[in-house]
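Here is what each chain is made of, one letter per residue.
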Amino acid sequence: MTEKPMGFDTLQIHAGANADPATGARQTPIYQSTAFVFRDADHAAALFNLQEIGYIYSRLTNPTVSALADRINALEGGAGTICCSSGHAAQIMALFPLMGPGCNIVASTRLYGGTVTQFGQTIKRFGWSCTFVDFDDLAAVEAASDDNTRAIFCESIANPGGYITDLDAVAKVADKVGVPLIVDNTSATAYLCRPIDHGATLVVNSTTKYLTGNGTVTGGSVTDSGKFDWTASDKFPSLSQPEPAYHGLAFGPALGPMAFTFHSIAVGLRDLGMTMNPQGAHYTLMGIETLSLRMEKHVANAKKVAAWLEADDRIEKVTYAGLESSPYYDRIERICPKGAGALFTFAIKGGYDACVKLIDSVELFSHVANLGDARSLIIHSASTTHRQLTPEQQEAAGAGPNVVRVSIGIEDADDIIADLDQALAKATG
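Participant: Looking at this structure, how should I read helix α5 (residues 113–120)?
Facilitator: Each α-helix winds once per 3.6 residues, and so residues spaced three or four apart point in a common direction. Within α5, seven of the eight residues are buried, which leaves it mostly tucked inside the rest of the structure. Turning to α5, its buried residues number three or more, namely G113, G114, T115, V116, Q118, F119 and G120. The secondary structure elements touched by the buried residues of α5 are α4 (87–95), β2 (104–108), β3 (129–133), β4 (149–155) and α16 (391–397).

Structure follows, in structure tokens:
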């Protein structure tokens, strides 16, 4: 008889978190240790040969961080997950085994501004490149892919506008051109969307945001579906061929569905050093325990606030996908059946100056460069998170000069609306 899989609410508390075998501690301890003692020389050799699973050095693996990786993996429905120091680190970790000089990725124009800069500028120093495309135009996504393309990248719910990507359709394009689809699931979390269920190969998260939920630590994760055949072509030699950086081990043939995850640990974390610290992992583990409860409240508040804003004469436009007026409303049931998230933008009559006045007038909202906190957060993207982009890139990303981004928290929705109301009165009066 097949055992019934645990529900999300159970997994977010129990996955990866057995009682500590040494002390019986119910909460996962913070293993604040750089290194771990080997039983003997043979044990050490087996660990380094990947013949046995265990702990060597905290740059590679750590019991607290591993517990978090296991929990995220269970929620995302993956074969394996690694955790690292930030969401930006997770993006590089996701690309690292796939790329080489001269290779490129195809990415959505609707991305967090820091990601646009990372892909549009910084990765050039590795000899990689990126082509940005409107992912509502699937023909353009396919046309932008060539023999040197190694991945297609998008966000499930795009930052800052809250646009919902048609992951099923984009995954079909990725399959057709023979490359993995990488989805940033930060704004949705696995509670609202599981990209692997829609054909994604890799899922990255900034665990800093909703997964932790309290604005205390930074972190990132990469989850592999285990479903992509890295040996089907010669595009991914680090996974399909003997890896010179790890004494000639051919990760794909040797490790199958776990090839990407073990390569990311044995080579990626070893050499890039983008390590998550165990105390940060501990905070995120505790945060995830209430993820579903928080996301339900985030979504309920966002729907109420967005509807109020849309009906206000001082507002030109609201981008929340949960509004029936949104062109992305029909994607909610397929892609994010539990809600459209709590991140969106709105344009204010009065343009840039009115946005600045609004930011300076809010009292309940926190003016910070973050999202996914329990608190309601606000920022003017064009002058901050997307400031480094060209005006054309800002508009394409949904971060024009007359636009404010909000991350709706879990306070009383009427208090959130009251704060926006008084701030809008000062900004547009």
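Participant: What is the right way to read the side chain of N301 from this model?
Facilitator: As for its placement among the helices and strands, N301 is situated in helix α13 (residues 291–310). Its relative accessible area of 3% is what places N301 among the buried residues. If we skip the residues at most four places from it in the chain, N301 touches I408, G409, I410, E411, A413 and I416.

Participant: What exactly am I supposed to notice about the sheet that holds strand β6 (residues 202–206) here?
Facilitator: The seven strands lie next to each other as β1-β7-β6-β5-β4-β2-β3, forming an open sheet whose pairing is mixed. The open sheet has two edge strands, β1 (80–84) and β3, and neither has a second partner. On average, each strand axis in the sheet is tilted by 20° relative to the strand beside it, whichever way the strands run. Taken together, the five bridges between β2 and β3 define a ladder with parallel strand orientation. When the bridges of β3 are listed, N104 appears paired with S129. Against the sheet, helix α11 (residues 259–272) engages β1, β6 and β7 (220–224), with an angle of about 25° to β1.

Participant: I'm lost on the sheet that holds strand β8 (residues 315–318) in this one. Help?
Facilitator: Across a sheet, paired strands are connected by hydrogen bonds in the backbone, their directions being either parallel or antiparallel. If you trace the five strands from one edge of the open sheet to the other, you get β8-β9-β12-β11-β10, paired in mixed fashion. Only two strands of the sheet have a single partner each, and these edge strands are β8 and β10 (366–367). Pairing of β8 with strand β9 (residues 343–348) involves three bridges; the strand directions are antiparallel. Of the residues in β9, the one forming a bridge with K317 is A347. Packing of helix α15 (residues 351–361) onto the sheet brings it into contact with β9, β10, β11 (377–379) and β12 (403–407), and relative to β9 it is tilted by some 125°.

Participant: Is there a simple way to explain the state of the cysteines in this structure?
Facilitator: Disulfides are covalent bonds that connect the sulfur atoms of two cysteines. In the structure shown here, the tally under the stated rule is zero disulfides. Distance from the sulfur of C84, which forms no disulfide, to the nearest cysteine sulfur (C83) is 7.2 Å. Under the relative-accessibility criterion, C84 is labelled buried at 0%. Its sulfur unpaired, C130 is 12 Å from the next cysteine sulfur, which belongs to C154. For C130, a relative accessible area of 17% gives the class buried.

Participant: Please explain the pairing of β1 as it appears in this structure.
Facilitator: Look at any regular strand and the pattern is simple: side chains alternate between the two faces of the sheet. Most of β1 sits inside the fold, with five of its five residues counted as buried. Residues G80, I82 and C84 point to one face of β1 and T81 and C83 to the other, with burial holding for every one of them. Relative to β7, β1 runs antiparallel, the two sharing five bridges. For C83, the partnering residue across the bridge sits in β7 and is S221.

Cut-offs and rules
- Residues numbered from 1 in each chain as written.
- Predicted model: local features only at pLDDT ≥ 70, side-chain atom pairs only at ≥ 80, totals over all residues.
- Heavy atoms only, no water.
- Buried < 20%, exposed > 50% of the residue type's maximum accessible area, 1.4 Å probe, protein only.
- Helix = DSSP H or I, 4+ residues; strand = E, 2+ residues; numbered from the N terminus.
- Contact = heavy atoms within 4.5 Å.
- Pairing = 2+ DSSP bridges.
- Axes fitted to C-alpha atoms, helices over the stretch in contact; angles between N-to-C directions.
- Disulfide = S-S within 2.5 Å.

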